[in-house]
Amino acid sequence: MAGLIRREDIDEVRSRTDLKEIVDQYVTLKPAGIGSYKGLCPFHDERTPSFHVRPQMGTYHCFGCDESGDVIAFLMEMDHTPFTETVERLAARIGYELRYEQGSGPKREEVGRRQRLLDAHKIAAEFFQRNLYTRQATAAQQFLGERGFDDAAARTYGIGYAPKGWSNLLKHLRDQGFTDQELKLTGMFSEGNRGLYDRFRGRLIWPIHAVAGEVIGFGARKLYEDDQGPKYLNTPETQLYKKSQVLYGINLAKRAIAKGKQVVVVEGYTDVMACHLAGVETAVATCGTAFGADHIKIVRRFLSDDSAGGEVIFTFDGDAAGQKAALRAFQEDQRFVAQTYVAVGPEGMDPCDLRLTRGDAAVRDLVSTRTPLFEFALKATIRDYDVNSLEGRLRAMRACAPIVAQIRDSSLRPAYARELSGWLGIETDEVMRAVAAASKRGSSSQQRGQQQRAPQHHESQQFSSGRDGSGRGSDTPGRPGGRPGDSQDQERPAEVQLPNPREPVARMEREALEVVLQVPDLVPDAYWGHFESAEMRYPVHQALHDAIVAARPEYDVNDPRGGRGWLEHVRGQLPEPLHGYLAQLSVTPLPASSEQQIRNYAVGVLTSLVEMHINRAKSDKLAHLNRTDPQQESALYQSLQRELLDLEMQRRSLLGN
């Protein structure tokens, strides 16, 4: 039976171990006075460093959570190892031979389980590395060569090869004295009816290291067509390997991260290698899982994320999955004080492909030309909408408003609201109102928790659409919904919101509808053309507009029913819930007392509507122009400029100047 470690040996190990050197493997420390260092506490989340280390005293203390102790206590807490095993690890690290009382030292099979697992992983990593240089590993060597990695790179990252066969590694580790019970716990083996067999077979192998540098798992890439397994196969969850707490490359990148206050999060092992070899030494990757809260805790400690200036840069593929991953990262952004960015390679290339096709400088350029994560999230959201239509842009604005509202730095919100205004061609004040409303809804939602939101009531009436969901509404006055025929609107009817009559645009649209409904015969033909091509901002007005346009071919000025016959034609094109509003518009008195005054009024109202329509079209073109690269899309850029000029000429002609 193993005896107790002598007290004097424990004291000797403690005194010979540099506490700062150990803590540096987990936390970025900065000088905090003579003989003192501080950093973000590894035992609780904090933004301002309160974890202090005094190496000469051999102690640490956190003024935030009151955790304190010596180097043994620190490692026990960080690695979840028992006291005896922790002392044995530290003793082995400094080459000190421990003595035991009341018995001998532990036998090999009695060494702490964690250390035994680490030993098995170390031996396995060496086994895989040796096999990379055998004839069997031709496919692995070819894979590395095709991706621009030479022998030096393979050795730097400890890349290896798991030979084909069911028991190559198993036999090797058994020969090294490991029991099957121990090997089961490593995650390197599967178990069938005949016992254990190698988990990794005929695959390229990357060792995955803990922050301190120990091998704790492996990632394996498929090489052969007859391999029925997944493209990448990782170590399963074990005592050592928790994928939500592991970042590939962190052991090599941690000092560069701390020095440069930057971390670049990529998607795969080869991307980490490509970045490091290209000079971006701050790159790390998750191991088969999304970048989450536990990864953030690791990164923040090395960034010393206690003040502005640090950078977290996510590189994702340009495809839909990559955009989805970036938006997930956006949700975690609030955990960082450092600024967060997204870098998407040209043509969606990842760092490995980029380095291979365009060289090291292209990888460095990818990182240096990163886009703020807020901007990326907004643009990715906008791409989900048809920004060539007014409704699409307004829907995009509603979808983007909560993103702007979530920006932690309140001073950035107006700037992003202005950017969003330019991208969508919507007035900045309207975007700001949407952001403010989203912020208010977010606050209210937090206060109510998981309770269901009560129905909102506004001073204007709601109707439910009945035909193709036309005029699909929302819970906010003045926000547009779908158009007749939109496929998503055909699935179910939705409520339509009548606009606030005090809104200037709503008032203008209402007045124009009143004119064409009440005195269609006084509307000049030229204005009918403009009216038919106009797009209404509010869904209920658009529904009425579409009904009028559809009914006009049936209108006969000689119809004995007069205006009543005209309204019946329009009513026949409208869903029933809007019939009441149609009646309201048809009886609203026009501010004129003679036919000429009514004619002048009609022309004035429709002129204002047409001018607004032209200005809106100009905003559309200008927004499109702002999204167009004048160098790479010169023809389109010039065409848009000509169209803007034509619209301006139309506007001037309309106004007679």
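The structure under discussion appears in the preceding block.
Residues numbered from 1 in each chain as written. Predicted model: local features only at pLDDT ≥ 70, side-chain atom pairs only at ≥ 80, totals over all residues. Heavy atoms only, no water.

### Quick word on helix H18 (residues 413–424)
- In this model H18 runs 16 Å from its N-terminal to its C-terminal C-alpha over 12 residues, within 8% of the 16 Å that 1.5 Å per residue would give.
- What H18 keeps buried is the set Tyr416, Ala417, Leu420, Ser421, Trp423 and Leu424. The arc enclosing the buried residues of H18, seen along the axis, measures out at 165°, which places them on a common side. (Helix = DSSP H or I, 4+ residues; strand = E, 2+ residues; numbered from the N terminus. Expected span 1.5 Å × (residues − 1). Buried < 20%, exposed > 50% of the residue type's maximum accessible area, 1.4 Å probe, protein only. Arc of directions from axis to C-beta.)

### A few points about the pairing of strand S11 (residues 203–209)
- The buried count for S11 comes to 7 of 7 residues, which makes it a mostly enclosed element.
- Bridging between strand S8 (residues 160–162) and S11 involves 3 bridges; their strand directions are antiparallel. Bridging from a neighbouring strand, Tyr161 pairs with Leu204 of S11.
- Of the strand pairs in this sheet, S11 and strand S12 (residues 215–222) are connected by 7 bridges, and their pairing is antiparallel. Residue pairing across strands places Ile205 opposite Ala220, the latter belonging to S12.
- Between S11 and S12, which pair antiparallel and follow one another directly, the connecting turn spans 5 residues, one of which, Gly213, has a positive phi of 110°. (Pairing = 2+ DSSP bridges.)

### Considering the pattern of salt bridges
- Under the defined criterion, the tally for this structure stands at 23 salt bridges.
- Salt-bridge contacts for Glu311 lead to Arg370; the nearest nitrogen and oxygen are separated by 2.3 Å. With Glu311 in strand S17 (residues 311–315) and Arg370 in the loop between helix H15 (360–368) and strand S19 (371–372), this pair connects stretches of sequence that are 59 residues apart.
- The exposure class of Glu311 is buried, given its relative accessible area of 16%.
- One salt-bridge network, held together by shared partners, links Asp11, Arg14 and Asp70. (Salt bridge = Lys/Arg side-chain N within 4 Å of Asp/Glu carboxyl O.)

### Quick word on the pairing of strand S10 (residues 195–198)
- In the sheet, strand S9 (residues 189–192) pairs with S10 via 4 bridges, with the strands oriented antiparallel. Paired with Phe189 across the two strands is Asp198, which belongs to S10.
- The antiparallel pairing of S9 with S10 creates a hairpin that spans 2 residues between the two strands.

### Here we look at helix H1 (residues 7–16)
- Taken as a whole, H1 has its buried residues at Asp9, Ile10 and Val13. One side of H1 carries all its buried residues, which in axial view fall inside an arc of 105°. For H1, the exposed residues set more than 90 degrees away from the buried face come down to Arg7 and Ser15.
- Among the structural elements, strand S1 (4–5), helix H3 (71–79) and helix H4 (83–94) are those in contact with the buried residues of H1. (Contact = heavy atoms within 4.5 Å.)

Don't take any of this as a statement about function, it's just geometry.
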